[in-house]
Structures are given as structure tokens and as C-alpha cells.
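Listed here are the chains, written in short residue letters.
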Amino acid sequence: MSTSHVALPTKAERHKLFGSVPPIKGTKPTEKDKMVDLQNTPKNFLFALDSVGISNVKHPVNIETPDGIQATVATFELTTSLVQDRKGINMSRLTEQLDAYHTQGWTLSNRSLIEFAQELAERMEQTEGQLTVRYPWFFSRKAPATGLSGLMNADVMHNVTYNLETGMASVTVGLVINVTTLCPCSKEISEYSAHNQRGYITIEAGLDEASLDGFDWRLALLEAAESNASAPLHPVLKRPDEKRATEIAYENPRFVEDMVRLIAADLYEMKQVVNFFVECRNEESIHQHDAIASITFDKRDN
């Protein structure tokens, strides 16, 4: 087998061959205190803004669970309000603060997120600090007959706002979980069985600030979703488990409308929840489309 030798120029020469050019001699200052700060130069910029910042920031985090501290990866959106006489914010401060909290061994909780939002507003010299955090939460689930366990996961959300002028915080939490749904109409009219499908339940709940401590909202929202579906999902199912899981679904037929109303009733009874949004979406097994239902309810209006 013959080989050929390629005579390569140096790496610097190769870069020049493919378009690289030497840096020019600049005329603008390189020291920070001599650089123009466009964001903080006062001027009438027409409107104040509700929020400005960064989104889709992935970062490792720790969360508190009943089983101890759990490590996961979160996606952050970090924003603040912006007054009318400032062109913009110093966005580097947002990731700078996130890294500082991470270095200090930050564990996510509603309380620590309120502190983060408050510091965000103070550092940016704005009225409000806002953040939204989303991450997968893992929990153990036992099979209904054999008791064999495996890990399930749900997508979890915190949305936190802190207002420096009022000293008030707003906290909304959320959860998205998959369930089994069995069609009541199909069960009623079919000779043999009933069609079922995977449903997606989204819950967002505004929490009373006095109830932020001692309320395991992740488990509460999970229970509200799964207990009102036809049946929960399981990571491990042997034949006795599969038999029982399908029987449970057959015993609890649910339309998307049914699930939304039943979950809303559970949330209405939770004293820690002041308002909520519930959406149920079924990936229909006998249709190409999805079935969907939702409700938004504020207890303070009733």
C-alpha cells in the first residue's frame, strides 16, 4: 500500500491561507473605567420595560427532596425591570451572580430564589428582579403488584419576582407529568375494551408567601395530577403489574375535561395555593390530533 507525503505549511501560515489577518492597532481604550458605558448613560429612552435579561441558561443545581439533596440541571431565565432613562442593563452581572451562588453551594428552594431575585434587582439597580427556573425532578415509583421500583421524572418550574419598592415577592411553581388516560366514551360503547393514551398534565400554582416553608408542593402537585388521572405511569412493570395498571385505568375512565375539573378541585382545597392553571393534553391513540382542556382560577376573586 502506497502512502503520499503532504508538505504542510506552519499553522500560522495555514491560518493566513484561510483568511486570518493580524489584529489592527486599536484607538479605543482597553481600561474598563475609560470605556463608554452605553447602558448606564442617562437619557429619555421613551419607555420603561417590564423585563430584560437572558434566557435558556443551563446550569447545574441542587434541589431539596424528601429523600435528601438531589443534583440536576436547570434552565434559567434571569431578568429585571428597566427604567425609562437607561438604555439597557449590564447582562454580564446576571451570569456573574448565578456563578457566585453556585460556587457558594446554593440549594434551590422558593426562599433562596426570592433572595436571588432581590439581590438581582439590587445589583442591577432596578425595581424588580425576576427569574424562571425549570429542571427535571426524579422520584422513586413502585410497581402496583410486585412492588419493584424505578425512577420517574417530572418537569418542574419556579417563577419568582421580587419588587424592591414594595418588598413583596411573588412565587409560582409548576409541574408537568405524564399519566395514563382511558376514554369513557370508548369504554361505554365498545364490546371488548377501551382505547387509552398517554396524557400530559401541566399545573402552575401561585403560592401564599406564608406557606413557602413546610409545604412539599412538588409532591402535592404530583398527587393532584396522578390521583385524578385514569392511572399513573410506572418505570417497571412485570405481567402482574401490567394487569393491575390496565385494570386501574379501566376502573377510572377520564376525559381531558374530567381531569382538569378534578385537579382544579384538589388545588382549590389546598390552602397554600392562591391561584392556579391546569392543562391536560391527550395524545389520542385513535386520532391524529390531541385532545386538550384547561382552566385558570384565582381564589382571591371568589
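Residues numbered from 1 in each chain as written. Predicted model: local features only at pLDDT ≥ 70, side-chain atom pairs only at ≥ 80, totals over all residues. Heavy atoms only, no water.

- The chain appears in an unreviewed UniProt entry as GTP cyclohydrolase FolE2 from Exiguobacterium chiriqhucha RW-2.
- If you open the UniProt record of the chain and go to Catalytic activity (unreviewed entry), you find "GTP + H2O = 7,8-dihydroneopterin 3'-triphosphate + formate + H(+)". (UniProt positions renumbered as here; feature names shortened; annotations may be inferred.)

## Some thoughts on helix 3 (residues 110-124)
Here comes step 1: Its 15 residues give helix 3 an end-to-end C-alpha distance of 21 Å, which sits within 8% of 21 Å, the value for a rise of 1.5 Å per residue.
Here comes step 2: Every buried residue of helix 3 is accounted for by N110, S112, L113, I114, F116, A117, L120, A121 and M124.
Here comes step 3: Downstream of helix 3 by a residue or two, E125 has a phi angle that is positive, lying close to 55°. (Helix = DSSP H or I, 4+ residues; strand = E, 2+ residues; numbered from the N terminus. Expected span 1.5 Å × (residues − 1). Buried < 20%, exposed > 50% of the residue type's maximum accessible area, 1.4 Å probe, protein only.)

## Points about the pattern of salt bridges
Here comes step 1: In the structure shown here, the tally under the stated rule is eleven salt bridges.
Here comes step 2: Here the salt bridges do not stand alone but share partners, grouping K243, R244, E247 and E251 into one network. (Salt bridge = Lys/Arg side-chain N within 4 Å of Asp/Glu carboxyl O.)

## Digging into unusual backbone geometry
Here comes step 1: One non-glycine residue with positive phi stands out, namely N56, at about 60°.
Here comes step 2: As for its placement among the helices and strands, N56 is situated in strand 1 (residues 49-65).
Here comes step 3: In this structure N56 comes out as exposed when scored by relative accessible area, which is 56%.
Here comes step 4: One non-glycine residue, E125, lies in positive phi territory at about 55°.
Here comes step 5: For E125, the location among the structural elements is in the loop between helix 3 and strand 4 (128-142).
Here comes step 6: Exposure remark for E125: the relative accessible area of 64% places this residue in the exposed category.

## Section: the side chain of S81
Here comes step 1: Here S81 shows up in strand 2 (residues 68-82).
Here comes step 2: For S81, a relative accessible area of 10% translates into the label buried.
Here comes step 3: At 3.3 Å, the side chain of S81 and the backbone nitrogen of T127 are in polar contact.
Here comes step 4: Among the polar contacts listed, one links the side chain of S81 to the backbone nitrogen of E128, at a separation of 3.0 Å.
Here comes step 5: Beyond its immediate chain neighbours, meaning those up to four positions away, S81 contacts L49, D50, S51, Q126, T127, E128 and Q130. (Polar contact = N/O pair within 3.5 Å; in protein donor to acceptor, adjacent residues only side chain to side chain. Contact = heavy atoms within 4.5 Å.)

## Side note on the environment of P184
Here comes step 1: Within the fold, P184 resides in helix 4 (residues 184-189).
Here comes step 2: Distance from P184 to Y250, taken between C-alpha atoms, is 8.8 Å for residues 66 residues apart in sequence.
Here comes step 3: Each residue touching P184, except ones within four places of it in the same chain, is listed here: P253, R254, F255 and D258.

## Comments concerning helix 7 (residues 256-269)
Here comes step 1: Spanning 14 residues, helix 7 covers 20 Å between terminal C-alpha atoms, matching the ideal 20 Å at 1.5 Å per step.
Here comes step 2: Residues of helix 7 that are buried: V256, M259, V260, I263, A264 and L267. One face of helix 7 carries all of its buried residues, which in axial projection span an arc of 130°. Away from its buried face, by an angle of more than 90 degrees, helix 7 presents the exposed residues R261 and E269. (Arc of directions from axis to C-beta.)

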